[in-house]
Amino acid sequence: MISFTELFQRVALLVLTPKCYQVFFYDLDFFNGTCIRSALSKGLGFGIVGGSLLVKLPQVIKVWQSKSAVGISLVNVCMDLFAVTANVVYSYSSQFPFSSWGDSLFILFQTLLIVILVFYYNISKRAASAFAFIYCSLLFLLVSDIVPNSFLWNAQFVSIPLMFYGKMTQGYVNYQNKSTGQLSMATSILLFLGSSVRVFTSVQETGDNLLIWSFALASFANFIIVTQFYCYKSGSPVKTKKKTKKNKRL
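In this text, all values refer to a predicted model and were calculated from it rather than measured experimentally.

Moving on: the nonpolar core. Judged by nonpolar contacts, the single largest core of 36 residues is most densely connected at Leu81, Phe131 and Tyr135. Contributing elements (two or more residues each) for this core: helix H4 (57–66), helix H5 (74–93), helix H6 (102–122), helix H7 (125–142), helix H8 (149–177) and helix H10 (209–231). Considering every element that reaches this core, the biggest residue donor is H6, with nine residues. Residues from two domains meet in this core; each of domain 2 (58–147) and domain 3 (149–232) gives at least three. Once you skip the residues sitting within four places of it in the chain, tyrosine 135 turns out to touch Leu81, Thr85, Leu108 and Leu112.

What follows is the structure in structure tokens.
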């Protein structure tokens, strides 16, 4: 049976390096700045990973229940999907700690579901199925050893302006409609908080400027969208157009 001391050590080592564990519990240096920042970063990282399981669920539920994706920019959700995919594949290939990118993996699956729903309600069921098949095939290819790391680095680099452009497109759609449509306020706020914290954890755990800039720009763009919920809170969602007979046959 595992002793309490051994169990405590195993749990502590989830957020502490062996060196910092010794600094805290053997040297009793509880105010070591480097270890405090490291532990805080690890703890926040795992917290974000856990929270990411539900971060986009309010958006998925809102679209599913309303049977409508009105007001949601297809460009934005596709750029979001591209950015989070590039982040996951790049971080995985770079062997960064899971606590620094695990949330992106869970957000990837939720974003994919949102994109499929937008295709389904705004275009057709056939388009949604085709997109899902093509995307899953490409994702399998990217995580294999076939694709060189230099390509993944370039994909992550390109994803930064594309992600920012996609979110600005959503912001412009909100501005035109004077409404946030079917966007979920809870999801938008969680994305803003998550990307903001990720700036700190990326600095502490990876030191990768590419990831740091990516999360910094995402935080700024998410802040703009969150602000729009308060600016247009009295506005009503845009009316959906009635489907034509041609659309019903698709």
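Structure shown, so let's carry the discussion forward.
Locating serine 188 in the fold gives a position in helix H9 (residues 185–205). Filtering out sequence-adjacent residues up to four positions away, serine 188 remains in contact with Ile225, Val226 and Phe229.

Okay, the UniProt feature "transmembrane region" (unreviewed entry) in the protein chain next. UniProt's entry tags residues 39–57, 69–92, 104–123, 130–147 and 210–232 with the feature "transmembrane region" (unreviewed entry), counted in the numbering of this structure. Each end of residues 130–147 is marked by a C-alpha atom, and these two atoms are 23 Å apart; helix forms 72% of the span and strand 0%. Each end of residues 210–232 is marked by a C-alpha atom, and these two atoms are 33 Å apart; helix forms 96% of the span and strand 0%.

Reading the values: rules and limits
Residues numbered from 1 in each chain as written. Predicted model: local features only at pLDDT ≥ 70, side-chain atom pairs only at ≥ 80, totals over all residues. Heavy atoms only, no water. Core = buried A, V, L, I, M, F, W, Y, C linked by side-chain atoms within 4.5 Å. Buried < 20%, exposed > 50% of the residue type's maximum accessible area, 1.4 Å probe, protein only. Helix = DSSP H or I, 4+ residues; strand = E, 2+ residues; numbered from the N terminus. Domains from an automatic or database assignment. Contact = heavy atoms within 4.5 Å. UniProt positions renumbered as here; feature names shortened; annotations may be inferred.

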